Amino acid sequence: DLGPAEIARLRAYIDRTLPERETRRPRLGELLAPPRVVLRAMCADVEDVITVASARLARDRDQARVLAQPLLEREQAAPSAVGAGVVAPHAIVPGELARAALVVTARPLKGRAPDGAPIQLAVVLVEPAADRSHLERLAHVARLAARGLAETLGAARSAEQALKLLATLAVT
């Protein structure tokens, strides 16, 4: 049996020789690019937002329809309002690369937000699998919402500025 002193030495040895592996969480910013950021979008509802986002996520109109369908079905089955003015429609589309679009609306939408706040911003995610990184990315969006994502990005005047502002909301 090892005593407390031997356990402490063993733990110190392990810490020195086997540094803790940094776990890297998926970040929203990694999936965005200026062409996938829409500011002051004239949308009547979340379905319009999904249509706008799908067009930005797709290569062409046919793919936009293919991407919009599972997003709309998922949103109808289980609304994705996070709160604090943010909605996060998402869908699993096997064979597609993970990517995101960001849509800031010109006027708040009447929404189904759990906190009653009108929806002002959508983070639309397409993922190839319902895996840990997908869930971590959704959790990341929720943390960003709690940190003022909708309010912060509502002030952006360009896609580039929106992405820079997003980076200032660093959360783990």
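Now for a look at the structure at hand.

Cut-offs applied
- Residues numbered from 1 in each chain as written.
- Predicted model: local features only at pLDDT ≥ 70, side-chain atom pairs only at ≥ 80, totals over all residues.
- Heavy atoms only, no water.
- Helix = DSSP H or I, 4+ residues; strand = E, 2+ residues; numbered from the N terminus.
- Rg over C-alpha atoms; globule rule 2.2 N^0.38 Å.
- Buried < 20%, exposed > 50% of the residue type's maximum accessible area, 1.4 Å probe, protein only.
- Contact = heavy atoms within 4.5 Å.
- Areas by Shrake-Rupley, 256 points an atom, 1.4 Å probe, with all protein chains shown as cover.
- Lys, Arg positive; Asp, Glu negative; His and termini not counted.
- Charge placed at Lys NZ, Arg CZ, Asp CG, Glu CD.
- Pairing = 2+ DSSP bridges.
- Core = buried A, V, L, I, M, F, W, Y, C linked by side-chain atoms within 4.5 Å.
- Axes fitted to C-alpha atoms, helices over the stretch in contact; angles between N-to-C directions.
- Left-handed = near helix turned anticlockwise from the far one by under 90°.
- Nonpolar A, V, L, I, M, F, W, Y, C, P; charged D, E, K, R; others polar.
- Arc of directions from axis to C-beta.

Concerning the overall build of the protein chain
- Across its full length, the protein chain carries six helices and six strands.
- Here the C-alpha atoms of the protein chain give a radius of gyration of 20 Å, more than 25% beyond the 16 Å that 2.2 N^0.38 yields for 172 residues.
- In terms of its C-alpha atoms, the protein chain occupies a principal-axis envelope of roughly 70 × 35 × 30 Å.
- Out of the 172 residues in the protein chain, the part that is buried amounts to 41%.
- Sequence-distant contacts in the protein chain: of pairs separated by 6 or more residues, those separated by 24 or more amount to 70%.
- Total accessible area on the protein chain is roughly 10000 Å²; 54% of this is exposed by carbon and sulfur atoms.
- On the protein chain, the mean spot of the 24 positive side-chain charges and the mean spot of the 20 negative ones are 5 Å from each other.

A word on the pairing of strand β5 (residues 99-109)
- Most of β5 sits out of view: eight of its 11 residues are buried.
- In this structure, strand β1 (residues 37-41) lies alongside β5, joined through three bridges in parallel fashion. Opposite A41, over in β5, you have T105 as the bridge partner.
- With seven bridges connecting them, β5 and strand β6 (residues 119-127) associate as antiparallel partners. Note on β6: the bridge partner recorded for A100 is L125.

Re the nonpolar core
- Formed by 25 residues in total, the largest nonpolar core has its most connected members in L28, L121, V123, L149 and L153.
- Of all the elements in the fold, those that place two or more residues in this core are β1, β5, β6, α4 (132-146), α5 (149-154) and α6 (159-168).
- With four residues, the single largest contributor to this core is α4.
- Among residues more than four places away in sequence, those in contact with V123 are L28, V87, A88, P89, A101, L102, V141 and L149.
- Formed by 22 residues, the second largest nonpolar core is a distinct cluster that contains V38, V49, A64 and V87.

Section: unusual backbone geometry
- Non-glycine residue R40 carries a positive phi angle of around 55°.
- Exposure remark for R40: the relative accessible area of 44% places this residue in the partly exposed category.
- In this structure, A84 is a non-glycine residue whose phi angle is positive, near 55°.
- By secondary structure assignment, the location of A84 is in the loop between β2 (81-83) and β3 (86-87).

Concerning the environment of S80
- Along the chain, S80 turns up in the loop between α3 (61-77) and β2.
- S80 has contacts with E75, V87, A88, P89 and H90, leaving out every residue within four places of it along the chain.

Describing the packing of helix α2 (residues 46-57) against α3
- Across the interface, α2 lies against α3 with an axial gap of 8 Å and an inter-helix angle of 145°. Note on packing geometry: the crossing formed by α2 with α3 is right-handed. Here α2 contributes V46, E47, I50, S54, A55 and L57 to the contact with α3, which in turn contributes Q63, A64, L67, A68, L71, L72 and E75.
- Of the residues in the contact of α2 with α3, the class split is nine nonpolar, two polar and two charged.

Things to note about α6
- Those residues of α6 that sit buried are A159, A162 and L166. Take α6 and look down its axis: the buried residues cluster within an arc of 55°, on one side only. Exposed side chains of α6 directed beyond 90 degrees from the buried face belong to K164, A167 and T168.
- Here the buried face of α6 lies against β1, α4 and α5.

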